[in-house]
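A look at the structure
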Amino acid sequence: MSAPDGSPVGAERSIGQLFASATTELSALVHDEIALAKAQLKQDVKRGAMSGGAFSMAGAVLVFSLPMLNFALAYGIRTWSHWNLAICFVLSFAANVLVAGLLGLIGLVFAKKAKRGKGPQKVAASMKESAGVLQNARPHPRPEPGDEPAPAALEAVARSSS
């Protein structure tokens, strides 16, 4: 069995090998944290795009539906109620404004979700936590050169590191 750097388990590794191993693992950790930040930012951008799309749709519905819906609704109200045609047109316009308002509220909900996304803040907290763990790490005590570890201790170390 061997360690990640290829040296046999239980053998003393040099400080250079330990430093190289620690540097490699720290580099991998930083790369993983950057990949996590990118994924979370992509999700926040997607939510923002949904919000913009909903606002755009609200505007498009309001602009393109007004003439056709106003005429159809106004004449429908006039047929049903026999009110003045001007009042019927005002009521049909109010219905269109109501639909646009509902679509605007949907856009607002998506905008708040995008704003609440704490992707970068989560990554920063995770990086601080990792740095705190690394700062509090203490090296394991090494045996004195004259002290030979018992064979059972070597087996335990070999099992725990595999």
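Located above this text is the structure these notes cover.
Throughout what follows, the structure given in this document is the object of discussion. (Residues numbered from 1 in each chain as written. Predicted model: local features only at pLDDT ≥ 70, side-chain atom pairs only at ≥ 80, totals over all residues. Heavy atoms only, no water.)

Attention now goes to the overall build of the chain. Assigned secondary structure in the chain consists of four helices and zero strands. Taken across its 162 residues, the chain has 17% of its residues classed as buried. Of the contacts made within the chain by residues no fewer than 6 positions apart, 61% connect residues no fewer than 24 positions apart. By element, 69% of the accessible surface of the chain is carried by carbon and sulfur atoms, the whole surface being about 12,300 Å². (Helix = DSSP H or I, 4+ residues; strand = E, 2+ residues; numbered from the N terminus. Buried < 20%, exposed > 50% of the residue type's maximum accessible area, 1.4 Å probe, protein only. Contact = heavy atoms within 4.5 Å. Areas by Shrake-Rupley, 256 points an atom, 1.4 Å probe, with all protein chains shown as cover.)

On to a nonpolar patch on the surface, then. A cluster of nonpolar residues, Phe55, Leu98, Leu102, Leu105 and Leu108, forms a patch on the protein surface that exposes about 500 Å² of accessible area. With four residues, the top contributor of residues to the nonpolar patch is helix α2 (residues 85-116). Here Leu98 is to be found in helix α2. A residue is classified by how much of its surface remains accessible, and Leu98, at 58% relative accessible area, is exposed. (Patch = residues over 30% accessible without salt bridge, like charges linked within 9 Å, V, L, I, M, F, W, Y side chains within 5 Å. Salt bridge = Lys/Arg side-chain N within 4 Å of Asp/Glu carboxyl O.)

Moving on to the packing of helix α1 (residues 15-81) against α2. Each pair of packed helices can be summarised by the angle the axes make with each other and by the distance between the axes. It is the contact of α1 with α2, at a shortest axis distance of 8 Å, that shows an interaxial angle of 170°. In terms of axis orientation, α1 runs roughly antiparallel to α2. A breakdown of the residues in the contact of α1 with α2 according to their chemical character gives 28 nonpolar, eight polar and four charged. (Axes fitted to C-alpha atoms, helices over the stretch in contact; angles between N-to-C directions. Parallel < 35°, antiparallel > 145°, perpendicular 65-115°, else oblique. Nonpolar A, V, L, I, M, F, W, Y, C, P; charged D, E, K, R; others polar.)

An ideal rise of 1.5 Å per residue puts 46 Å on 32 residues; α2 measures up with 47 Å between its terminal C-alpha atoms. Within α2 the residues assigned to the buried category are Cys88, Ser92, Asn96, Ala100, Gly104, Gly107 and Ala114. Residues of α2 that are buried make contact with α1. (Expected span 1.5 Å × (residues − 1).)

Moving on: a positive patch on the surface. Together, Lys112, Lys113, Lys115 and Arg116 make up a region of like positive charge exposed at the surface. As for its placement among the helices and strands, Lys113 is situated in helix α2. (Lys, Arg positive; Asp, Glu negative; His and termini not counted. Charge placed at Lys NZ, Arg CZ, Asp CG, Glu CD.)

One non-glycine residue with positive phi stands out, namely His82, at about 60°. Here His82 is to be found in the loop between α1 and α2. What makes His82 exposed here is its relative accessible area of 67%.

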